[in-house]
Amino acid sequence: MSDSSPAPAVPVLEVWCELQCPDCRTALDDLRALRARYGDRLELRLRHFPLEKHKHSFAAAQAAEEAAEQGRLWPYVEAVLDRVEELDRRGESFLIDTARELGLDAEEFDTALIDGRHILIVDADQAEGKAIGVTGTPTYVVGGERLDGGKSQEGLRERVEEIVDRLLAEAGQTD
């Protein structure tokens, strides 16, 4: 096999999330466990689904996109979700302070929130989510199946693992 051959595609788990959502914070443990179990054999892809009832969720989604641009998406997402109550209270200043704590360019976060450079990505995610039936967060999409964690996350990780294991087995990638 030559070095130029493409790596086999890994299954993608789309995580429809909003960063002011306590249920999404609860889901972090599942996401960490999935990352620990599969490593680079599973791609976790954050998709934004800000809910109107959370007034800072749209700004938080934009901030997450800025974190992605600066190469620290998941550490930033986890840091914000770990402190949902502080985001509720402080809004955008909390988003910028969190970037600074992680050693990111906080001024760039501030500018991104002002100039709205990431709004189109957030809007596109939200529209796609609505189109495929996402109604709450967290919602997972893997292997063409939508799993809604907004009401209950009971058994969700196990279901995701079943699907991912099946996809990996079909691709000939077993442990």
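Parameters at a glance
- Sequence order as written defines residue numbering, which begins from 1 separately in each chain.
- It should be noted that, the model being predicted, local features are given only for residues of pLDDT at least 70 and side-chain atom pairs only at 80 or more, the latter also being counted only at that level, while totals for whole chains, interfaces and linings use all residues.
- Processing note: side-chain calculations cover all non-hydrogen atoms of the structure and skip hydrogens and water entirely.
- Interaxial angles span 0 to 180 degrees and are taken between N-to-C directions of axes, which are lines fitted to C-alpha atoms, for helices over the stretch in contact.
- Where helices and strands are cited, they refer to DSSP runs of H or I of at least four residues and of E of at least two residues respectively, numbered from the N terminus.
- Each crossing gets its handedness from the near helix: less than a right angle anticlockwise from the far helix is left-handed, clockwise is right-handed.
- The contact definition used throughout considers only heavy atoms, calling two residues in contact when any of these lie within 4.5 Å.
- The pairing test for Phe, Tyr and Trp rings, Trp by its six-membered ring, is centres within 6.5 Å, and the orientation test on the planes gives stacked under 30 degrees, edge-to-face over 60, and tilted for anything in between.
- Relative accessibility under 20% of the residue-type maximum defines a buried residue, over 50% an exposed one, and the middle range a partly exposed one, all with a 1.4 Å probe and only protein chains included.
- In this scheme, strands are said to pair when DSSP sees at least two bridges between them.

Colleague: Account for the packing of helix H1 (residues 22–38) against helix H3 (residues 73–81), with residues named and values stated.
Modeller: Interaxial distance between H1 and H3 falls to 9 Å at its minimum, and their mutual angle equals 145 degrees. When the axes of H1 and H3 are compared, the crossing they make is left-handed. Residues Cys24, Arg25, Leu28, Leu31, Arg32 and Arg35 of H1 touch H3, and the partners they reach there are Trp74, Glu78 and Leu81.

Colleague: Now, about the packing of aromatic side chains: what can you tell me, with residues and values included?
Modeller: In total, this model carries one aromatic pair according to the counting rule given. Plain terms: the ring middles of tyrosine 76 and phenylalanine 109 are 5.2 Å apart, the flat faces sit at 40 degrees to each other, and that makes the pair tilted. Highlighted residues: tyrosine 76 in helix H3 and phenylalanine 109 in helix H6 (residues 106–115), separated in sequence by 33 residues. Overall, phenylalanine 109 belongs to the buried group, its relative accessible area being 1%.

Colleague: Account for the pairing of strand E3 (residues 139–142), naming residues and giving values.
Modeller: On E3, burial covers both faces: Thr139 and Val141 on one face and Tyr140 and Val142 on the other are all buried. Pairing geometry for strand E1 (residues 12–17) and E3, over four bridges, is antiparallel. Bridge pairing in E3 places tryptophan 16 opposite threonine 139. By the bridge criterion, four bridges tie E3 to strand E4 (residues 145–148) in an arrangement that is antiparallel. Pairing of valine 142 across the sheet is with glutamate 145, part of E4. Hairpin connection between E3 and E4: a loop of two residues separates the two successive antiparallel strands, and glycine 143 in this loop has a positive phi of roughly 55 degrees.

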